[in-house]
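# A structural walkthrough
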Amino acid sequence: MTSPIHVTSEIGKLKTVLLKRPGREIENFTPDMMPRLLFDDIPYLPIAQKEHDYFADTLRDNGVEVLYLEKLAAEALDAAGDKVRNDFLEQMLTESGYATGTIHDALKEYLGSMNNQDMVNKIMEGIRKNEVDFVPTDLVSAAETENYEFYMDPMPNLYFTRDPSACIGEGLSINHMTFPARQRESLFNEIVIKYHPRFADKGVHVWRDRNHDTRIEGGDELVLNDHVMAIGVSQRTSADAIQDIAKSLFKEGHFDTVIAIKIPHNHAMMHLDTVFTMINYDQFTVHPGILGEGGHIDTWTITPGKNGDLNLDHRTDLKQVLKDALKLDDLDLIPTGNGDPIIAGREQWNDGSNTLAIAPGVVVTYNRNYVSNDLLRKHGLKVLEVISSELSRGRGGPRCMSCPIVREDI
Ligand SMILES: NC(=O)NCCC[C@H](N)C(=O)O
């Protein structure tokens, strides 16, 4: 049986991708909620949607099938029936802080009265207190903070579909994410994989599910080829989660090497793909800010050891590590902002390193990063620019906004 998921590189011709069109969730919050919701500004929804549609059209114009998470989630619930819908709702309410109680009951009644698409959209955009018909009668609900507007927070980061799950080979990881603002997101991916007719019972292997204490996010998971992965040790992905998924990939998949790359733990560089992406057989973007003296950075090449253990090889020459793992004679590391410290800092902030390869040597980037884009062209790449004033306020670029489901092999 052919798996509906097939991703054996970062660069193979992109056939199918998962997006989420930004909805009301990206403007259903106030400035004081921004740090907790991992946003740096208040986006303007109509323009964000226009930009996102332009991004989706760019992909379609290049032969990519575009799927939308919000649609797949509703279709999965339609296909799965009442029990699954009820279990999903209970789980979502529990993870939103209402396992039982009168607020739980009121929210369940409110959401329960909707059809699946409306319910999915509503959960994504968040539920304000003033929209639910509910009078507190018990201490728990009466004592709930009065000056907070929401029962359920919006999920504005959903349009970064790269992170809650990551397709690897014929399977995927469904991720336990780091911050509460994003932890509920992967519940949507879980129901899609389990119940959507496109994926259910089709031999999709879950390398690691969301029921873990250790944390990993898709922005850190890069499939370099059919046996080598690079995974960031980052603000969002812990070393123990990398060991865990490496064991699963080695045991049950065709992978034999995971290169763990340690990057700074901060918001601007929260994932490996904000500072490093693969864009051709032998070309990568890299933000100079992650390289220390002499261009060094901590990497650990992880390979299978005896009795299910892991072997580790610590090295700091990223270029040589990649050349060895990918069996290449040479490699082109292209610096964000052409290496100028001011331009590199500015363009990295707006995801100048966060390129989405849709074929070897063909990348989608934000138009605002014009210095990095020109440099990519000078290095022989075909660059398809997309408009990006509002989308970039969420701190993610074309790679973050896309989850490849099927790529051709390289
Ligand atoms: N892969 C990525 O780097 N995704 C960008 C995620 C941005 C989002 N505001 C976050 O902080 O999680």
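How each quantity is defined
- Residues numbered from 1 in each chain as written.
- Predicted model: local features only at pLDDT ≥ 70, side-chain atom pairs only at ≥ 80, totals over all residues.
- Heavy atoms only, no water.
- UniProt positions renumbered as here; feature names shortened; annotations may be inferred.
- Pairing = 2+ DSSP bridges.
- Helix = DSSP H or I, 4+ residues; strand = E, 2+ residues; numbered from the N terminus.
- Axes fitted to C-alpha atoms, helices over the stretch in contact; angles between N-to-C directions.
- Contact = heavy atoms within 4.5 Å.
- Salt bridge = Lys/Arg side-chain N within 4 Å of Asp/Glu carboxyl O.
- Domains from an automatic or database assignment.
- Buried area = accessible area lost by both parts, 1.4 Å probe.
- Polar contact = N/O pair within 3.5 Å; in protein donor to acceptor, adjacent residues only side chain to side chain.
- Near = heavy atom within 4 Å.
- Areas by Shrake-Rupley, 256 points an atom, 1.4 Å probe, with all protein chains shown as cover.
- Nonpolar A, V, L, I, M, F, W, Y, C, P; charged D, E, K, R; others polar.
- 1 Å grid on protein atoms, 1.4 Å probe; cavity = no way out; pocket = protein on both sides within 12 Å on 5 of 7 lines; lining within 4 Å.
- Points joined across faces, edges and corners; volume = space filled by probe spheres on them.

The name that an unreviewed UniProt entry assigns to the protein is Arginine deiminase, with the source organism given as Lentilactobacillus parakefiri. Database annotation for the protein, UniProt heading Pathway (unreviewed entry): "Amino-acid degradation; L-arginine degradation via ADI pathway; carbamoyl phosphate from L-arginine: step 1/2." Per UniProt, the protein has the following entry under Subcellular location (unreviewed entry): "Cytoplasm".

## Describing the sheet that holds strand 12 (residues 283-286)
With respect to topology, three strands assemble into an open sheet ordered 11-12-15, the strand pairing being mixed. Looking along the sheet, the strands with just one partner apiece sit at the ends: strand 11 (276-280) and strand 15 (332-335). Taken over all neighbouring pairs, the strand axes of this sheet differ in orientation by 30 degrees on average, direction set aside. In terms of strand pairing, strand 12 meets strand 15 through four bridges, oriented parallel. Bridge pairing in strand 15 links Thr285 to Ile334. Together, strand 11, strand 12 and strand 15 form the strand contacts of helix 11 (residues 318-326), whose direction differs from that of strand 11 by roughly 45 degrees.

## Here's the deal with the pattern of salt bridges
Following the criterion strictly, the structure yields 26 salt bridges and no others. Ionic pairing is found between Asp53 and Arg21, a salt bridge with its closest N-O pair at 2.8 Å. Of this pair, Asp53 sits in helix 2 (residues 45-61) while Arg21 sits in the loop between strand 1 (14-19) and helix 1 (34-37); the two residues are 32 residues apart in sequence, bridging distant segments of the chain. Connected through salt bridges with shared partners, the residues Arg24, Lys122, Glu125 and Glu131 form a single ionic network.

## Considering the domain arrangement of the protein
Domain assignment breaks the protein into domain 1 (14-68 + 156-407) and domain 2 (71-152). Using only C-alpha atoms to locate each centre, domain 1 and domain 2 end up separated by 31 Å. Domain 1 puts 21 residues into the contact, and the matching count from domain 2 is 23 residues. Buried surface at the junction of domain 1 and domain 2, both sides included, amounts to about 2000 Å², of which 68% is carbon and sulfur. It is Asn28, Arg184 and Phe188 in domain 1 that bury the most area against domain 2; as a group they hold 30% of the surface buried on that side. Taken together, the links from domain 1 to domain 2 amount to two salt bridges. The salt bridge involving Glu95 is made with Arg210; its shortest N-O contact spans 2.8 Å. Run the count over domain 1 and domain 2 and you get eight residue pairs in polar contact (both at pLDDT 80 or more). At five residues, the largest contribution of residues to the side of domain 1 that touches domain 2 is made by helix 9 (residues 185-195).

## A look at the site of the ligand
Close contacts around the ligand come from 16 residues, with Asn157, Arg236, His271, Gly394 and Cys400 the closest. For the ligand, a nitrogen atom lies 2.9 Å from a polar atom in the backbone of Leu38. Take Arg236: an N or O atom from its side chain is 2.8 Å from an oxygen atom of the ligand. Protein contacts shield 100% of the accessible area of the ligand, which totals 340 Å² for the unbound molecule. Looking at the shell around the ligand, its residues break down into four nonpolar, seven polar and five charged.

## Some points on the layout of surface pockets
If you add up the space inside the largest pocket, you get close to 350 Å³. For the lining of the largest pocket, the elements supplying multiple residues, two or more each, are helix 1, strand 4 (150-152) and helix 8 (180-183). The residue makeup of the lining of the largest pocket includes at least three contributed by each of domain 1 (14-68 + 156-407) and domain 2 (71-152).

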